Structure formats: structure tokens, C-alpha cells
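Remarks on the overall topology
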Amino acid sequence: MQDTVREDDILLEVRNISLSFGGVTALENISFDIRRGEVRAIIGPNGAGKSSMLNVINGFYHPQEGEIWFDGKLRHHMKPHQVARLGIARTFQNIALFKGMSTLDNLMTGRLINMHANLFSQVAWIGPAQREEIEHRQKVEEIIDFLKIQSIRKTPVGKLPYGMQKRVELGRALAAESKLLLLDEPMAGMNLEEKEDMCRFVLDVNEQFGTTIALIEHDMGVVMDISNRVVVLDYGKKLADSSPDEVRNNPEVIDAYLGVSHD
Amino acid sequence: MFYRESGDFKTSYVQDQQIFPILQDRVFVAVVIAFAFLVVPFLINDYWEKSVLLPVLIWSLAAIGLNILTGYCGQVSLGTGGFMAVGAYASYKFTTAFPELNLFIVVLLSGGVTAMVGILFGLPSLRIKGFYLAVATLASQFFLVWLFNKVPWFYNYSASGQINAPERLIAGITITGPNAPPWATYLFCLIFVVVLALIAKNLTRGRFGRSWMAIRDMDIAAEIIGVAPLKAKLSAFSISSFYIGIAGALFFLVYLGAVEPTEAFGIDKSFLVLFMIIIGGLGSILGSFIGAAFMFLMPVLIKNIMVNGLGWSPDIVAHLIFMIVGGLIMFFLIVEPHGLAQLWRIAKEKLRLWPFPH
């Protein structure tokens, strides 16, 4: 991990990001990078600014200062749906599925950025529209197989248990076939077994599809086991940025988690 | 020959993604359409045309239109009456300005004009949501009706301020005006309703439908996976208004024949269509038909039973109808808040395993 990194190995780089809401500073001069093909963890106590960071990367928040470089290019002011088209997908801390739609439709919606059939072929359901639908269905079925959710293919997601919903949400993000996958607490509220399943999926996604992953997670065991590098935030500042082992032994990080007072 | 899904195995995605995946559904829809086209025109009389078939068809179309916007895309609108008025007045202006223009084209153009107006009044939806949007669309309802009352150009400076459908023929058959035969007006409407309903079904199960439903269910997540809210909402507004505009044009041209905007396209019509889709089922094309039939036919049925069957006086019955229909609406909303289409969906789910549910 310590060897020199070539410039084009970096998929995403944030430089000197500062974000504040009115008088409240959410992020202060944060810089870090995400390399191609790695699993990058972002950790920190509650309110540290982790989700804000993801929202900045997604384009929901626009930082007052700083630059975001994605895939070697400086990113200008962008809306979330434009960011999606660049190749960044995401799951949410609180499940944000389309509750009225089936699992299949949720995943198909994940592929919308790759679908282009025009209104007139949609209307008649012939030609490009139908071909496209079949082609993307095949891709989605691959993801359904991968996540082992065949049996709930046609079930409305609102009826599914929590762990399954989390899995479908991962599936929807996977369906976009993005370069970078942001996971906001993918294992929150899961039991041990579900967590293990989810870890396996995250690692498999990383290894099989080569997707770069950035995840926020509170379960330190999980973070230490699956991530290549960890960045630690606290009160909007970057505390540490190194390998899991170094982070584990960093006194500042331990203080932040155990709650030593800030002067 | 039971109605059921089990045993109907799909071996390709094409089969699985058909418009009606269940065999019996396909047969049933085909039979209904064939019956409507081949049998009904020979049986139809003036009463069935004016009191039952035409209004149900036209209101179904308006309900499908509103359902696309409200049921599928989640944008509540109270402007339906106003948009129907746009369709009606557009068809009037087109057919009086170009008397030779085929009536099909007139109606489609009217839908197009309404779609434009719909996009215009849909712009606020990008900023405001829910009840606030409903109030904003209410403005369009009042503004449009006011416009058609106040600007004489729209009613060709007629003394009464009304618009009257001139007699128009297609292939030698009178479609509009008092001399139009019932079967001709019926078939004219039926063609629009069947084609547009099938189109709505196609649109809602494809790319457009998914982006609408994504916006409806969770707009933030929709944005994050690449749905542009602007495009999704405005496409829903325009397509919905296209349907509603066509319904308005048909309502004026073949059903009413003469129209005064405040009365024909008032706020009560907006509510009526909204109730139709709530009762029928939000986000369901079938529900649009069921809702329109329920809201329109129930009073007719009750009136027939009480006045003609029991011999009660019509004015008492008129009051009773309000109470009974109101009661029925509440009953159905309590039994099934997701609309009558949901009852059908549940029945279908039960039938999947019946008669061996364990």
C-alpha cells in the first residue's frame, strides 16, 4: 500500500473540501483520494461529516471550497443525476427503495441511465424499446443471481424484510454498473449473519466486477476486515488516513471514538 | 380453465414482459375489445350512447391521464378540468379554422396543444411538492376557465360566449353535431380510448413509467440513480395533459356538442376525475376504468333502480344518490384504501394458489 501511486490509479480525489450550512461547518478542508479497485472506508463518530462527504461526492451538496476530481477530470458544478451518469452509484443509510415497485423494477430503474429508447418506440413497445428492455433484463437477472434474490423478483419491495431491502438496494446500485460505488452504512441494523452475507457481497463486487467501493460503516470489525484504506473524520476534520492497522492504533482516532473532550 | 397464473410458465424474457403476462388476461382483454368494436355498435341506441358509453369512455380517458401524473408520477393535480377545457377549445379552434381537417387529426392536435399547456403549468412542480403543488395546479384550473370566458377569440366572438361543435364527417359518416349516429360517435371515442389505454400501459411499464414511479416513491434516490427530475416530471405533465386534452376534445365534440367553460369544465370536474383515480386505484390503468365507471355509473344505476324500479319521485332520489354514492365511496376506501384495482390484484394473488393455499 505504501508504494508510489501513479496518477491514473486515482479514481476520485477530493481536494480541500469545505462545506458549511450557515454558521455550522460540516466539513473543513478535507482531502483524500480513492484508488481504482480498492475498498475505501470512511469512518468517524456520529456527526463527523461522513454522510455529508458522500452527499458532496454525489452532488447533493455543493461545497463552498475545494475541488473534486473524478476519473482524471475536474468536476464542475453538477446535479446528482448528472453525477450518476459519470459512473457513481450509491446506497443510503436509511433504505431509499422505490416501495411501490417490484424488486425487478427497482433494479431495472437502476439501469435507466443506460436506456435510451425514444418515446415513439416506447409507445408501441416494438423495436429499440423492446430490444433494450430484454437486453437490460438480462443484465439485471445476472445481478439477481449474484445477490441470490431470485425468489423475490416480483415482490413489491415494501413487503420485504429489512435485510432483503438492503440487499435489493445494493442490487439497484450495482445495476448501474458504475465505476464507483458509495455505500452509506450498508450493514446498519443487520444481525451477524446478514452482515456476513453483505460483507461477502461487497468483497465479491469489488473482486468480480472490479468496482471501486467507498463505504461508511460503524462496525469496526467489518471496516478493519474488508477495507484497504481508511479515512477518519471527526467534527468535519480529517483525523487520519491510512491502512486499517495504523488507524486502529492511532491515539487521536481512539480519543475521538471514546469521546475525549476537544479544547 | 380457471383464472390463474400458476402453470403459465415463461421461458423467455419477451414472454415474461408481455403487456398482459397472464394468458387469461390476454384472452379477456381481446374478447372485451372485440365485443366493444364488433358487437356493441350494432346494439347501441341513443340512451346507451349518451348516458352510459360515451361518458364512461371519455372519463376513463381523463382518469388515465390524471393517473399518469398523480398515480404514477406522484404529482397531485387539481387542474384536470382546466386542461380538458384547453383540449375542447383547441379542438374548436382547429376545426373552425380548418373545416377540412380530419377530425382524428383535430383531436390529436388538441391533445398536443394541451400537452404544451400542461408543461407550462407543470413547471412549478420542480420546486413544490404535495399539497402545495395541488394548490398551484388549482391556479391553472381557475386561470384557464377564466381565460376561455374572457377572451372572445377563443369562442370566435359568438354572442352567447358558448362554443358549438360544427357538423364534421369522416369518410362520409357524421361524427359530430346532432345528426351523428350513436354508433359513429361511440366508435370514434372507442378508438381513442383503446389505443391510448394500450399506449399508457406500454409507457408505464417501460423506461418512462419507471422514471415516473421512481420520482413518486423516492425522489432523492431517483436522482441518485440518474433520473433527471425535470425530465421525468415534465414528461409526466405533458403526456398526462395530452390524454386529458383529448378527453376534453371528445367531451366537447362528440358528447356535449355545446360548451360553456364554467359549467362544463369547472373545479368539480377536477375533483371528479381525482376521485375516480383514488377510488379506482392510483397507479393502475385498469383502476382508471373501474374508477370512472364507478363514479359515473353508480348514480345512473341507483337512479334507474329507484325511479324506474321503485317508482320514487326523482327529486328525492337525486338527494339520496348523493348520500348513497358518498357512503359507497367511504365504504370502499375503508375496505381497500388502495382502490378497487387493488381488490382485483389481491384476488389475483389468492387465485395463484387456489384451491391449495398451503
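These numbers were taken from a predicted model, which means no experiment stands behind them. (Residues numbered from 1 in each chain as written. Chains lettered and ligands numbered in written order. Predicted model: local features only at pLDDT ≥ 70, side-chain atom pairs only at ≥ 80, totals over all residues.)

Helices and strands together make up the secondary structure of chain A, namely 10 helices and 10 strands. Scaling as 2.2 N^0.38, a compact globule of 263 residues should have a C-alpha radius of gyration of about 18 Å, and chain A matches this with 19 Å. Seen through its C-alpha atoms, chain A measures out along the principal axes to roughly 65 × 40 × 40 Å. Residues counted as buried form 41% of the 263 residues belonging to chain A. Counting only contacts in chain A whose residues sit at least 6 apart along the sequence, the fraction spanning at least 24 positions is 68%. (Helix = DSSP H or I, 4+ residues; strand = E, 2+ residues; numbered from the N terminus. Rg over C-alpha atoms; globule rule 2.2 N^0.38 Å. Buried ≥ 20, exposed ≤ 12 C-beta atoms within 10 Å, placed from the backbone. Contact = placed C-beta atoms within 7 Å.)

With that settled, the discussion passes to the interface of chain A and chain B. Opposite the 33 residues of chain A that make contact, chain B presents 25 residues. Contributing elements (two or more residues each) for the side of chain A that touches chain B: α2 (80-86), β6 (88-91), α3 (103-110), α4 (119-124) and α5 (128-147) of chain A. Among the elements that line the side of chain A that touches chain B, the one with the most residues is α5 of chain A, at 5 residues. Looking at side-chain class alone, the side of chain A that touches chain B contains 19 nonpolar, 7 polar and 7 charged residues. (Nonpolar A, V, L, I, M, F, W, Y, C, P; charged D, E, K, R; others polar.)

Attention shifts here to the sheet that holds strand β10 (residues 237-242) of chain A. All names here are of chain A. Spatial ordering of the open sheet is given by β6-β7-β8-β3-β9-β10, a layout of 6 strands whose pairing is mixed. Sheet topology places β6 and β10 at the edges, where each strand pairs with a single neighbour. Averaged over all neighbouring strand pairs, the angle between strand axes comes to 15°, with direction disregarded. In the sheet, strand β3 (residues 39-43) pairs with strand β9 (residues 229-234) via 4 bridges, with the strands oriented parallel. (Pairing = 2+ DSSP bridges. Axes fitted to C-alpha atoms, helices over the stretch in contact; angles between N-to-C directions.)

All names here are of chain A. Split into domains, chain A comes out as domain 1 (1-87 + 178-263) and domain 2 (103-176). Of all the secondary-structure elements, those providing two or more residues to the side of domain 1 that touches domain 2 are α2 and α7 (192-209). The dominant element in the side of domain 1 that touches domain 2, judged by the number of residues it contributes, is α7, at 4 residues. Split by residue class, the side of domain 1 that touches domain 2 holds 7 nonpolar, 2 polar and 2 charged. (Domains from an automatic or database assignment.)

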